[in-house]
Amino acid sequence: MKESGRLYKVTVDCPKAPFSQTLIGSMTKQAGVTKKAFYAALKK
């Protein structure tokens, strides 16, 4: 995930989609971004 010129990596124990909201929350917390920013980065 890249935002503001920074590259973020998150750890996912289960590499299969769809992800639960709990897992998405954990990924956004690891990356230090909001869910809105996380979803926006996925669309790029």
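Anything mentioned here points back to the structure above.
These figures come from a predicted structure and were not determined experimentally.

**Details of the nonpolar core**
Okay, step 1: The biggest cluster of nonpolar side chains holds 6 residues, and these are Ile-24, Met-27, Ala-31, Val-33, Ala-37 and Phe-38.
Okay, step 2: For this core, the elements supplying multiple residues, two or more each, are helix H1 (21-31) and helix H2 (35-42).

**A few points about H1**
Okay, step 1: Turning to H1, its buried residues number three or more, namely Ile-24, Met-27, Thr-28 and Ala-31. Axial view of H1: buried residues confined to an arc of 95°, hence all on one face. Relative to its buried face, H1 has exposed residues pointing more than 90 degrees away, namely Thr-22 and Lys-29.
Okay, step 2: Here the buried face of H1 lies against H2.
Okay, step 3: At the C-terminal side of H1, Gly-32 shows a positive phi close to 75°.

**A short note on the packing of aromatic side chains**
Okay, step 1: The final tally for this structure, using the stated rule, is 1 aromatic pair.
Okay, step 2: On the basis of an interplanar angle of 75° and a centroid distance of 6.1 Å, the ring pair of Phe-38 and Tyr-39 is categorised as edge-to-face.

**As for the packing of H1 against H2**
Okay, step 1: Across the interface, H1 lies against H2 with an axial gap of 9 Å and an inter-helix angle of 95°. Taken together, the axes of H1 and H2 lie roughly perpendicular to each other. Here H1 contributes Gln-21, Ile-24, Gly-25, Met-27 and Thr-28 to the contact with H2, which in turn contributes Lys-35, Phe-38 and Tyr-39.
Okay, step 2: Tallied by class, the residues present in the contact of H1 with H2 amount to 4 nonpolar, 3 polar and 1 charged.

Calculation criteria
Residues numbered from 1 in each chain as written. Predicted model: local features only at pLDDT ≥ 70, side-chain atom pairs only at ≥ 80, totals over all residues. Heavy atoms only, no water. Core = buried A, V, L, I, M, F, W, Y, C linked by side-chain atoms within 4.5 Å. Buried < 20%, exposed > 50% of the residue type's maximum accessible area, 1.4 Å probe, protein only. Helix = DSSP H or I, 4+ residues; strand = E, 2+ residues; numbered from the N terminus. Arc of directions from axis to C-beta. Contact = heavy atoms within 4.5 Å. Phe/Tyr/Trp six-rings, centres within 6.5 Å; stacked < 30°, edge-to-face > 60°. Axes fitted to C-alpha atoms, helices over the stretch in contact; angles between N-to-C directions. Parallel < 35°, antiparallel > 145°, perpendicular 65-115°, else oblique. Nonpolar A, V, L, I, M, F, W, Y, C, P; charged D, E, K, R; others polar.

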